[in-house]
Amino acid sequence: MSKSSGERKVVKEFLNYLLMLILAFAATQGIQLGAKSILQVETPFVVVASGSMIPTLNVGDILIVRGVNPESLQVGDIIVFKPPSPYWRGMPWVHRIIDKKVRNDGLVFFRTKGDANQAPDPFWISAENVIGKVLLRIPYIGLISLTLKGWTIPVIAIIVILAIVIALAMKE
């Protein structure tokens, strides 16, 4: 086998892997868009990032979230929500409703608590901060996402470096 045919084989294999990554990304985006439409929620998949809901939910579980009318939520439901300031840090919380209040003006508020937490959350959640209700749990699959969360830039850098190395090898 000549050097140039060996180089072509390496390039072809690299391009095949790159194509598979692109297709996997496109499929993931398609699933996300379809789930948003079907489940009527902006965030249909959430990965549990803390142990506050153990033993019901574990770190790394993927939750499928359904959009709901907040008035239909009941004590005992597990919801995904945006906590109020100063608790909001860009990540939604997942806790169980332990109390529900409807004000005279019709606005609904929820008190929540993690199953593993000693005390309730130190705030009430307004209906507008509710993202959705947990519909289904897929155990531990999200651990991959949590593990790779800080690896996005290094993975991109590795792919770029590999592409440069292959391009330089082809010039020789």
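You'll find the structure just up there.
Remember, it's a predicted structure, so these values are computed and weren't measured experimentally.

(A) A look at unusual backbone geometry. Here Ile54 and Pro55 are connected by a cis peptide whose omega angle stands at 10°. The residue Pro55 is located in the loop between strand S1 (45–47) and strand S2 (62–66) in this model. The residue after Ser85, namely Pro86, is reached through a cis peptide bond having omega 5°. Considering the arrangement of structural elements, one finds Pro86 in the loop between strand S3 (78–81) and strand S4 (93–102). In this structure, Gln40 takes a positive phi of about 55° despite not being glycine. Position of Gln40 among the secondary structure elements: in the loop between helix H1 (3–39) and S1.

(B) Structural context of the layout of surface pockets. By volume, the second largest pocket is sized at about 180 Å³. Taken together, 13 residues form the lining of the second largest pocket, with Ala49, Ser50, Pro92, Trp93 and Val94 sitting closest to its centre. Broken down by secondary-structure element, the contributors of at least two residues to the lining of the second largest pocket are S1 and S4. With three residues, S4 is the largest single contributor of residues to the lining of the second largest pocket. A breakdown of the residues in the lining of the second largest pocket according to their chemical character gives ten nonpolar, three polar and no charged.

Calculation criteria
- Residues numbered from 1 in each chain as written.
- Predicted model: local features only at pLDDT ≥ 70, side-chain atom pairs only at ≥ 80, totals over all residues.
- Heavy atoms only, no water.
- Helix = DSSP H or I, 4+ residues; strand = E, 2+ residues; numbered from the N terminus.
- 1 Å grid on protein atoms, 1.4 Å probe; cavity = no way out; pocket = protein on both sides within 12 Å on 5 of 7 lines; lining within 4 Å.
- Points joined across faces, edges and corners; volume = space filled by probe spheres on them.
- Nonpolar A, V, L, I, M, F, W, Y, C, P; charged D, E, K, R; others polar.

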